[in-house]
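Given next are the chains, with one letter for each unit.
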Amino acid sequence: MDGKRRSRHRATFPWWSLRRRPGVGVPILVVVGLLAAVQPAVAASAAPTGATAAPTVSAAGESGSTEAWEPRPDLPGPVVVPRKGTRAAPFTSSTRPVSPKALPGQEKATGNGLRAGTGSAVRSRTAGAEQDADWYCQEQVARRTSVNADADNYSATVEYFAELSCNFYLDYAYGVVGVVDRSAGYDGTLLYVGSPFAFNRYYYGATSGGVRIPGDFYDGGRQVEILFELYLLAPIGTAWGACGPLPGLRYLLCEGLGTDLLHIVLGTGTLDTGLAAPVIRYTALGDSYSAGTGAPPYLGPPNPATCRRANATYSMQIRGDRFRGLPIDRTNLKACHGARISDLTNPRSLEEFAQIEYVKPYTRLVTVTIGGNDLGFAAKLRDCALSDCGGAPLVTPAELQATQVRLVALYQNILSRMRSDGVLAVLSYPAFLPIPGVDPLPTRLGCFGTNATIDTAELTRIAEATAQARDMIAAAVRATGDGRIVFVDAFDAFQGHRVCSDGPWSNGFVISDPEDSFHPNAAGYRAVADRLRQVLGITL
């Protein structure tokens, strides 16, 4: 999904032809629809005579939003049943799977079987039907799930068409459909409620609708169930005798047997929406210390060669680790060698967008190292190697303050683009050269490349500047005032393994490729990855 322009998904619904059920004689129905709507469906006014409720698809988690989706469907109001008064609002009754039920003598009843009493006036749908015929209603729910995986819209659409059909005239009927989450940890969460239908003295009603579940904004929705809740009022002098089996449906509620008002909730059973398990979408930004400079081989096209990105870098090493209980997805590595703060918001080449454009509304984790090139560290290190830099500080308070202001604005920009519950981890730079008074100083024979060009006073200035940059970056993080940003102090991550140690985690001078000089090697990037895991609570 990297590097592509945002697009909006339009859910579509096919022409569905529902075949007539044997013995019920419902005409063939063709339903157009469920063209994607941008607003959630809400309860429509009850139709007086069996009209089909308007089809809609509830759209959620549009690509422009950074909010994690929390479904809050609108419930229809309480149901007012003629002769019976007000009943509870749909989807508020306690439900659980129950076996089909029947009163004595009704065990073989089809669907919702009606027991007519002596002298009852049941009006048949079919002319000439016997008054002692089997009276019943049947329900069915046609459904479909589909997955969209556009550049910035990973979602599943759950669509349905639900119908009630009887072979006699009911005094009243009410029906409405909802979609509930059956995913582990989300069981029972109501994702969507469609528009209800209602009718008086009729025999047929139907409703259609659907919901789009944003897979990168909601961690449930991997398994769902479509529920069909109905109130059925039989003619005076009759009573319901059975909640008999219905093909493809299960009962979650059957109450009212032996009375003229049947209240049922039917379910389709658990459906797989096709969404993959949720993951942490991760983008790695920054300069050479995030790109992987110093630990070749470097990645080829489509990565620009000048970015010197490597699989050894720390961001690639935490792929598959678990953060906040979810696995970290493949790394969207956009850090680039030589990058400055401005390069995160402006493209450096025609091959890629600006780095920040790869932070998406679904991004949950962003890491970044940046600011060292704005302070001129690369040039100042060359000066230390080629001349004498030990006489004055390498960075001035004015340089630090100006860089800090720009970092605050950058961090806030990144945070505004990612998920509202995401984390921005800002890393400081490791002290890679020996620190006088902390590490053994190198000898000419033991570490010729460094000791021959950088003396003790210069090592002190370099360590001092690295610590000042660390403190400035930490201050910029605090200045955002945002709890989603975390500072990762990597200053001492190489302690005991700095250049000129027995097992260095950073390169010294690299004659064959000078750009690799004074950058972490593969072991150094592993150490940074471990530090990141420690601070963020990432587990293997």
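Preceding block: the structure.
The structure reproduced in this document is the subject of the present report. Because the structure is a prediction, the values reported are computed rather than measured.

Brief notes about unusual backbone geometry
Glycine aside, a negative phi is what most residues show, and trans is what most peptide bonds show.
Step number 1: Looking along the chain, the bond that leaves Pro296 and enters Pro297 is cis, with omega of 10 degrees.
Step number 2: Assignment of secondary structure puts Pro297 in the loop between helix H1 (288-291) and helix H2 (314-317).
Step number 3: The amide bond that connects Pro301 to the next residue, Pro302, takes the cis arrangement and shows omega of 10 degrees.
Step number 4: As for its position among the elements, Pro302 is in the loop between H1 and H2.
Step number 5: Although it is not a glycine, Arg201 adopts a positive phi angle of roughly 50 degrees.
Step number 6: Mapped onto the elements, Arg201 comes out in strand E11 (residues 197-214).
Step number 7: One non-glycine residue, Arg308, lies in positive phi territory at about 55 degrees.
Step number 8: Looking at the secondary structure, you find Arg308 in the loop between H1 and H2.
Step number 9: By relative accessible area, which is 12% here, Arg308 ends up buried.

Topic: the pairing of strand E21 (residues 423-427)
Step number 1: Counting buried positions along E21 yields five of five residues, so the element is predominantly enclosed.
Step number 2: Neither face of E21 is left uncovered, since the one carrying Val423, Ala425 and Leu427 and the one carrying Leu424 and Val426 both have all their residues buried.
Step number 3: Where E21 and strand E22 (residues 485-488) come together, four bridges link them in parallel fashion. Bridged to Ala425 within E22 is Val486.

Quick notes on the sheet that holds E21
Step number 1: Spatially, E18-E19-E17-E20-E21-E22 is the arrangement adopted by the six strands of the open sheet, whose pairing is mixed. Only two strands of the sheet have a single neighbouring strand rather than two, namely strand E18 (322-323) and E22.
Step number 2: By the bridge criterion, five bridges tie strand E17 (residues 280-286) to strand E20 (residues 365-369) in an arrangement that is parallel. Among the inter-strand pairings, Ala284 is bridged to a residue of E20, identified as Thr367.
Step number 3: Taken strand by strand, helix H7 (residues 522-536) contacts E18, E20, E21 and E22, and its axis lies near 135 degrees from that of E22.

Describing the state of the cysteines
Step number 1: In total, this model carries four disulfides according to the counting rule given.
Step number 2: In this model Cys243 forms its disulfide with Cys254; the gap between the sulfur atoms is 2.0 Å. Taking the torsion about the sulfur-sulfur bond, which here is approximately 85 degrees, the covalent link between Cys243 and Cys254 counts as right-handed. Of the two residues, Cys243 sits in strand E13 (residues 238-243) while Cys254 sits in strand E14 (residues 250-255), which places them eleven residues apart along the sequence.
Step number 3: Note on cysteine connectivity: Cys384 is disulfide-linked to Cys389, with sulfurs 1.9 Å apart. Around the S-S axis, the bridge from Cys384 to Cys389 shows a dihedral of about 105 degrees and counts as right-handed. Note on accessibility: Cys384 and Cys389 belong to one class, buried.

A closer look at the packing of aromatic side chains
Step number 1: For the structure on display, the rule yields 15 aromatic pairs.
Step number 2: Summarising the aromatic geometry, the rings of Phe168 and Trp240 are spaced 6.2 Å apart at their centres and angled 50 degrees between planes, so their arrangement reads as tilted. Of this pair, Phe168 sits in strand E9 (residues 153-181) while Trp240 sits in strand E13, and the two are 72 residues apart along the sequence. Summarising the burial analysis for this pair, Phe168 and Trp240 share the class buried.
Step number 3: Here the aromatic rings of Phe494 and Trp505 are separated by 6.2 Å at their centres, their planes lie at 90 degrees, and the arrangement is edge-to-face. Residue Phe494 is found in the loop between E22 and H7, and its partner Trp505 is found in the loop between E22 and H7; the two are separated by eleven residues along the sequence.
Step number 4: Taking the relative accessible area as the measure of exposure, Phe494 reaches 0% and is therefore buried.
Step number 5: In this structure an aromatic cluster arises from ring pairing among Tyr169, Phe197, Phe199, Tyr202, Tyr203 and Phe228.
Step number 6: Note that Lys334 overlies the ring of Tyr358, its terminal NZ or CZ placed 4.4 Å from the centroid.

What to know about the pattern of salt bridges
Step number 1: The tally for this structure, following the rule as stated, stands at 28 salt bridges.
Step number 2: Residue Lys84 is joined to Asp260 by a salt bridge in which the shortest nitrogen-to-oxygen separation is 2.9 Å. Placement of Lys84 in the loop between strand E4 (79-81) and strand E5 (85-87) and of Asp260 in the loop between E14 and strand E15 (261-267) is noted, with a sequence separation of 176 residues between them.
Step number 3: What makes Lys84 partly exposed here is its relative accessible area of 32%.
Step number 4: Between Asp482 and Arg484 there is a salt bridge, with the nearest N and O atoms lying 3.0 Å from each other.
Step number 5: Each of the salt bridges in this network shares a partner with another, and the network as a whole consists of Arg83, Lys84, Asp171 and Asp260.

Structural notes on helix H4 (residues 397-417)
Think of an α-helix as turning once every 3.6 residues; residues three or four places apart then point the same way.
Step number 1: The end-to-end C-alpha distance of H4 is 31 Å, a good match for the 30 Å that 21 residues give at a rise of 1.5 Å each.
Step number 2: When we look at burial in H4, the residues that qualify are Leu400, Thr403, Gln404, Leu407, Val408, Leu410, Tyr411, Ile414 and Leu415.
Step number 3: Buried positions along H4 lie against E17, E20, E21, helix H6 (456-479) and E22.

Side note on the packing of helix H3 (residues 377-386) against H6
Step number 1: Running from N to C, H3 and H6 cross one another at 170 degrees; their axes reach a closest spacing of 11 Å. Taken together, the axes of H3 and H6 lie roughly antiparallel to each other. From H3, Phe377, Leu381 and Cys384 reach across to H6, where they touch Glu458, Ile462, Ala465, Thr466 and Ala469.

Some remarks on the environment of Thr157
Step number 1: One can find Thr157 in strand E9.
Step number 2: With relative accessibility at 1%, the residue Thr157 sits in the buried group.
Step number 3: Sequence-wise, Thr157 and Pro214 are 57 residues apart; in three dimensions their C-alpha atoms are separated by 8.8 Å.

What counts, and at which threshold
Residues numbered from 1 in each chain as written. Predicted model: local features only at pLDDT ≥ 70, side-chain atom pairs only at ≥ 80, totals over all residues. Heavy atoms only, no water. Helix = DSSP H or I, 4+ residues; strand = E, 2+ residues; numbered from the N terminus. Buried < 20%, exposed > 50% of the residue type's maximum accessible area, 1.4 Å probe, protein only. Pairing = 2+ DSSP bridges. Contact = heavy atoms within 4.5 Å. Axes fitted to C-alpha atoms, helices over the stretch in contact; angles between N-to-C directions. Disulfide = S-S within 2.5 Å. Phe/Tyr/Trp six-rings, centres within 6.5 Å; stacked < 30°, edge-to-face > 60°. Lys NZ or Arg CZ within 6 Å of the ring centre and 35° of its normal. Salt bridge = Lys/Arg side-chain N within 4 Å of Asp/Glu carboxyl O. Expected span 1.5 Å × (residues − 1). Parallel < 35°, antiparallel > 145°, perpendicular 65-115°, else oblique.

By themselves, these figures tell us nothing about what the structure is for.
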